Amino acid sequence: MSGTGSTGAPGFRPALAVVGATGAVGTVMLDLLSTREDVWGEIRLVASPRSAGRRLTVRGRETEVVALSQDAFDGIDVAMFDVPDEVSAAWAPVAAGYGAVAVDNSGAFRMDPEVPLVVPEINPEQLANRPKGIVANANCTTLSMIVAVGALHRAFGLQEMVVASYQAASGAGQAGIDTLYAQLDKVAGTRSLGQRAGDVRSVVGELGPFPAPLAMNVVPWAGSLKADGWSSEELKIRNESRKILGLPTLKVSATCVRVPVVTTHSVAVHATFSRPVSREQAWEVLRAAPGVVVADDPAAGEFPTPVDVVGTDPSWVGRVRQSLDDPRTIELFVCGDNLRKGAALNTAQIAELVAAELGSRLLPNPAGSGTRAASFAVALVLASRPVMPSPPEPDG
Ligand code: 2RA
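My aim in this report is to walk through the structure given alongside it, one point at a time. Small disclaimer: the values here were computed from a predicted structure and weren't measured.

Another aspect to go through is the sheet that holds strand β6 (residues 78-81). Strands sit in the order β5-β2-β1-β6-β7-β8 across an open sheet of 6 strands; the sheet is parallel. The strands lining the two open edges of the sheet, one partner per strand, are β5 (66-67) and β8 (134-136). Bridging between strand β1 (residues 16-19) and strand β2 (residues 43-47) involves 4 bridges; their strand directions are parallel. Considered in β2, the bridge of Leu-16 is made with Ile-43. Seen against the sheet, helix α2 (residues 85-97) touches β6, β7 (101-104) and β8 and runs at an angle of roughly 175° to β6.

Given below as structure tokens:
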């Protein structure tokens, strides 16, 4: 019943299950698993019964996808879930019951006080607090900005944050990507569109998962309607930022907007700290922060944009300014690939930390070695560099 991928330190390689291997995030996950340092023994690909039997390539090996069932977790040490909330809610506890550590990318457990919400650059120590055997990954919009904001918080003490997101179509899954491309096809080449109310709407046809046309438009809505006009996405940014930063009363206001970008979320952040912060001080902290790249030279036209950031791992930060009205407030613009750091990469980083922890448990444990091993693992995971080129696209 328990996860026992391949026991016996020092060559211990935990067995990994990737649940949701055939979805948009699952596909990026297979690419990451194929290019990051290989810490895994068996990699078992799991998906809905509809996708079972497909063959996908991971780490150069063609692997058959198995159907989600209890048996899928037998012998598994770490199970990643890239599936809808209700699937995770039902199956992550099953994986944990089989002795695996479940790393869940859905919203099912993020705010559960017995489930840590981990961003390895910010709060890796929370990984140890997992009484349910489940660790949660944050929402892609939070993840796109929190590594940069967390570094600034550590240096200057965050007091309040106002953000506006510019979210890509792929945040709404494959249906979002398909809808955007279909709408772009329909508006392409018609030079009169966008000059009369309703003309774009009448041409694009299907709205897909969006409440208004996305091509040639911006849509001030993402997620579902919650109390008093807030969207679920806006509340996630608030609640998740509070939990990750360990600031349960942090003031956060968010407005989430969908833009006609395929992949990579952007967030404009207005962050107020406990003391004055100059632009130079903010740059210095951001440049030293793991997982952050500063691209900030507006005179040279240098700032992050989604089309330049997509497919990369870091959070890219530009347009850093000290507020003209409050020296304690910094304005910045952050771009992060919502399918990589916003989803698959953060999940992979958490899983790698768990793998290191499981491996270190099997080593002789002289006083202090656990702590040293943990710090070393965090450093390795954050180095986050591909160790081999991407293999060809999966054939499934
Ligand atoms: C979105 N953040 O962009 C969501 C996906 N989890 O719609």
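The subject of this paragraph is the site of the ligand. For the ligand, the full set of nearby residues is Asn-139, Cys-140, Thr-141, Gln-167, Gly-171, Ala-172, Glu-233, Arg-258 and His-265. Here Gly-171 contributes a backbone N or O atom positioned 3.1 Å from an oxygen atom of the ligand. One of the side-chain nitrogen or oxygen atoms of Glu-233 is found 2.3 Å away from a nitrogen atom of the ligand. Here the ligand has 240 Å² of accessible area as a free molecule, and 79% of this is covered by the chains. For the shell around the ligand, the per-class residue count stands at 2 nonpolar, 5 polar and 2 charged.

Attention now goes to the packing of helix α3 (residues 140-156) against helix α9 (residues 340-361). Packing of α3 against α9 leaves a shortest axis separation of 8 Å and a crossing angle of 85°. It follows that α3 is roughly perpendicular to α9 by the angle criterion. Packed against α3, whose contacting residues are Cys-140, Leu-143 and Val-147, the element α9 presents Lys-341, Gly-342, Ala-343 and Asn-346 at the interface. Residue composition of the contact of α3 with α9, grouped by class: 4 nonpolar, 2 polar and 1 charged.

This part takes up the pattern of salt bridges. Counted under the stated rule, the structure contains 14 salt bridges. One salt bridge connects Glu-42 with Arg-44, and the closest N-O pair in it is separated by 2.8 Å. For Glu-42, a relative accessible area of 40% translates into the label partly exposed. For Arg-44, a relative accessible area of 15% puts it in the buried group. Close ionic contact of Glu-357 with Arg-130 constitutes a salt bridge, the shortest N to O distance being 2.6 Å. Here Glu-357, found in helix α9, pairs with Arg-130, found in the loop between β7 and β8; they are 227 residues apart in sequence, far enough to count as distant. Shared partners join several salt bridges into a network, and the residues in it are Arg-13, Asp-38 and Arg-59.

Applying the stated rule across the entire model yields 4 aromatic pairs. For the ring pair Phe-156 and Phe-273, a centre distance of 5.9 Å and an interplane angle of 75° mean the geometry is edge-to-face. Of the two residues, Phe-156 is situated in helix α3 and Phe-273 in strand β11 (residues 265-273); the sequence distance between them amounts to 117 residues. Across this residue pair, the class does not change: Phe-156 and Phe-273 are buried.

Packed helices, taken two at a time, are described by the angle their axes make and the gap between the axes. Relative to each other, α3 and helix α6 (residues 232-245) sit at 35°, their axes nearing to 10 Å. The chirality of how α3 crosses α6 is right-handed. Side by side, α3 and α6 meet where Thr-141, Thr-142, Met-145, Ile-146, Val-149, Gly-150 and His-153 of the first sit next to Glu-233, Lys-236, Ile-237, Glu-240, Ser-241, Ile-244 and Leu-245 of the second.

A few words on the pairing of β11. Most of β11 sits out of view: 7 of its 9 residues are buried. Direction of pairing for β11 relative to strand β14 (residues 329-336): antiparallel, over a ladder of 8 bridges. Pairing of Ala-268 across the sheet is with Phe-333, part of β14.

Another point: the state of the cysteines. Summed over all chains, the structure comprises 0 disulfides. For Cys-256, which is in no disulfide, the shortest distance to another cysteine sulfur is to Cys-140 and amounts to 9.5 Å.

Cut-offs applied
- Residues numbered from 1 in each chain as written.
- Predicted model: local features only at pLDDT ≥ 70, side-chain atom pairs only at ≥ 80, totals over all residues.
- Heavy atoms only, no water.
- Pairing = 2+ DSSP bridges.
- Helix = DSSP H or I, 4+ residues; strand = E, 2+ residues; numbered from the N terminus.
- Contact = heavy atoms within 4.5 Å.
- Axes fitted to C-alpha atoms, helices over the stretch in contact; angles between N-to-C directions.
- Near = heavy atom within 4 Å.
- Polar contact = N/O pair within 3.5 Å; in protein donor to acceptor, adjacent residues only side chain to side chain.
- Areas by Shrake-Rupley, 256 points an atom, 1.4 Å probe, with all protein chains shown as cover.
- Nonpolar A, V, L, I, M, F, W, Y, C, P; charged D, E, K, R; others polar.
- Parallel < 35°, antiparallel > 145°, perpendicular 65-115°, else oblique.
- Salt bridge = Lys/Arg side-chain N within 4 Å of Asp/Glu carboxyl O.
- Buried < 20%, exposed > 50% of the residue type's maximum accessible area, 1.4 Å probe, protein only.
- Phe/Tyr/Trp six-rings, centres within 6.5 Å; stacked < 30°, edge-to-face > 60°.
- Left-handed = near helix turned anticlockwise from the far one by under 90°.
- Disulfide = S-S within 2.5 Å.

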